[in-house]
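Descriptive analysis of the structure
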Amino acid sequence: MQVKIADSWKNILQIEFEKAYFKKLANFVTTEYKKNACFPNEEAIFAAFNFCSFDALKVVIIGQDPYHGEGQANGLCFSVNEGIKYPPSLQNIFKELSTDLSCEFPKTGNLENWAKQGVLLLNATLTVRAQEPGSHQKQGWETFTDATIAHISQQKENVVFLLWGKFAESKTKLIDLSKHTIFTAPHPSPLGAWRGWFGSKHFSKTNAVLKSLDKVEISW
């Protein structure tokens with residue numbers, strides 16, 4: 001696996017790339033992509049970092065695993081490629097978004113536009129074998145993405161973290177609450193959305209924080 005990552009992140013994360021766990025992970029991913037169909041495409045593995053520079057970073061959304069269906073995953077958590085049917089969680093994200101901001105239901109499930117505005121759409125695991133959810137977990141990705149969150153917490157200020165569901169909430173321990181804002185809600189999947197995802201108003205709350213900091217709000 002080649003690490004094709006923007007320079008702004010390379011400067012921050014180079015220390016991770018040189019560690020033994022990451023070299024082992026890179027070998028695992030290389031072998032998996034040679035032997036099996038895996039997602040996202042290799043050039044999109046680090047898309048979350050390449051669309052959202054470290055300097056521009058304002059918001060972090062944490063997902064768990066890339067989509068494992070054909071043509072879905074594009075390297076951004078919860079996002080799908082252009083023209084792909086919205087998965088159930090993304091449907092619910094958009095329902096809440098349109099209610100919260102009284103705006104139209106988004107016409108694309110590709111969240112690239114969010115990323116370009118400073119939203120890091122970070123999955124805890126950046127790759128997956130086709131049709132096998134969780135198949136690349138516990139190989140080193142979680143160590144890398146936890147380190148990424150910790151580096152952001154240490155080296156940035158006033159970042160808004162949106163933690164949806166118990167798994168994402170578990171990352172709170174990596175974040176300095178005296179420097180950053182965290183909003184939590186149940187996961188937007190159909191299993192939990194009715195428990196408080198709907199009505200959480202994370203999009204308007206995030207923009208209110210950004211506005212209070214004299215930062216440009218996200219055009220969700």
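As the structure is a computational prediction, the values presented were derived from the model and not from experiment.

Rules used in this analysis
- Residues numbered from 1 in each chain as written.
- Predicted model: local features only at pLDDT ≥ 70, side-chain atom pairs only at ≥ 80, totals over all residues.
- Heavy atoms only, no water.
- Helix = DSSP H or I, 4+ residues; strand = E, 2+ residues; numbered from the N terminus.
- Buried < 20%, exposed > 50% of the residue type's maximum accessible area, 1.4 Å probe, protein only.
- Contact = heavy atoms within 4.5 Å.
- 1 Å grid on protein atoms, 1.4 Å probe; cavity = no way out; pocket = protein on both sides within 12 Å on 5 of 7 lines; lining within 4 Å.
- Points joined across faces, edges and corners; volume = space filled by probe spheres on them.
- Disulfide = S-S within 2.5 Å.
- Core = buried A, V, L, I, M, F, W, Y, C linked by side-chain atoms within 4.5 Å.
- Pairing = 2+ DSSP bridges.
- Axes fitted to C-alpha atoms, helices over the stretch in contact; angles between N-to-C directions.
- Expected span 1.5 Å × (residues − 1).

What follows deals with the environment of Leu174. Position of Leu174 among the secondary structure elements: in the loop between α7 (166-169) and β6 (181-185). Accessibility expressed as a relative area gives 22% for Leu174, which makes it partly exposed. Spatially, the C-alpha atoms of Leu174 and Ala47 are 22 Å apart, while their sequence positions differ by 127 residues. Setting aside residues up to four positions removed in sequence, Leu174 forms contacts with Asp146, Ile149, Ala150 and Ser153.

Quick look at the layout of surface pockets now. Any space left empty among the atoms is revealed by the rolling of a water-sized probe across them. Considering only enclosed or pocket space, the largest pocket measures out at about 430 Å³ in volume. Forming the boundary of the largest pocket are 28 residues, of which Gln64, Asp65, Pro66, Tyr67 and Asn123 lie nearest the centre.

Take the state of the cysteines next. Overall, the coordinates contain zero disulfides when judged by the stated rule. The closest cysteine sulfur to the non-disulfide-bonded Cys38 is located on Cys77, 20 Å from its own sulfur. Its sulfur unpaired, Cys103 is 18 Å from the next cysteine sulfur, which belongs to Cys77.

One finds Phe49, Ile61 and Trp114 to be the most contacted residues of the largest nonpolar core, which totals 70 residues. Every residue in contact with Phe49, bar those within four places of it in the chain, is listed here: Ile5, Ala6, Trp9, Leu13, Leu120, Leu122, Leu126, Phe144 and Thr148.

Spatial ordering of the open sheet is given by β3-β2-β5-β6, a layout of four strands whose pairing is parallel. Either end of the sheet is taken by a strand with one partner, and the two such strands are β3 (119-123) and β6. On average, each strand axis in the sheet is tilted by 20 degrees relative to the strand beside it, whichever way the strands run. Of the pairings in the sheet, the one linking strand β5 (residues 160-164) to β6 comprises five bridges and is parallel in character. Opposite Leu162, over in β6, you have Phe183 as the bridge partner.

Here the focus is helix α6 (residues 141-155). Here α6 contains 15 residues, and its C-alpha end-to-end distance of 21 Å stays within 8% of the 21 Å for a straight helix at 1.5 Å per residue. In terms of residue burial, α6 counts as a mostly covered element, since twelve of its 15 residues are buried. Those residues of α6 that fall on the buried side of the exposure criterion are Trp141, Glu142, Phe144, Thr145, Asp146, Ala147, Thr148, Ile149, Ala150, His151, Ile152 and Ser153. Against α1 (7-17), α2 (20-35), α3 (47-51), β2 (59-63), β3 and β5 lie the buried residues of α6.

When you line up the elements, Ile93 lands in helix α4 (residues 88-100). Residue classification places Ile93 among the buried residues on the basis of a relative accessible area of 1%. Measuring from C-alpha to C-alpha, the distance between Ile93 and Phe167 comes to 17 Å, with 74 residues separating the pair along the chain. Aside from chain neighbours lying at most four places away, what touches Ile93 is Phe78, Trp114, Trp164, Pro188, Trp197 and Phe203.

Honestly, that's just the spatial picture; any functional story needs more than this.
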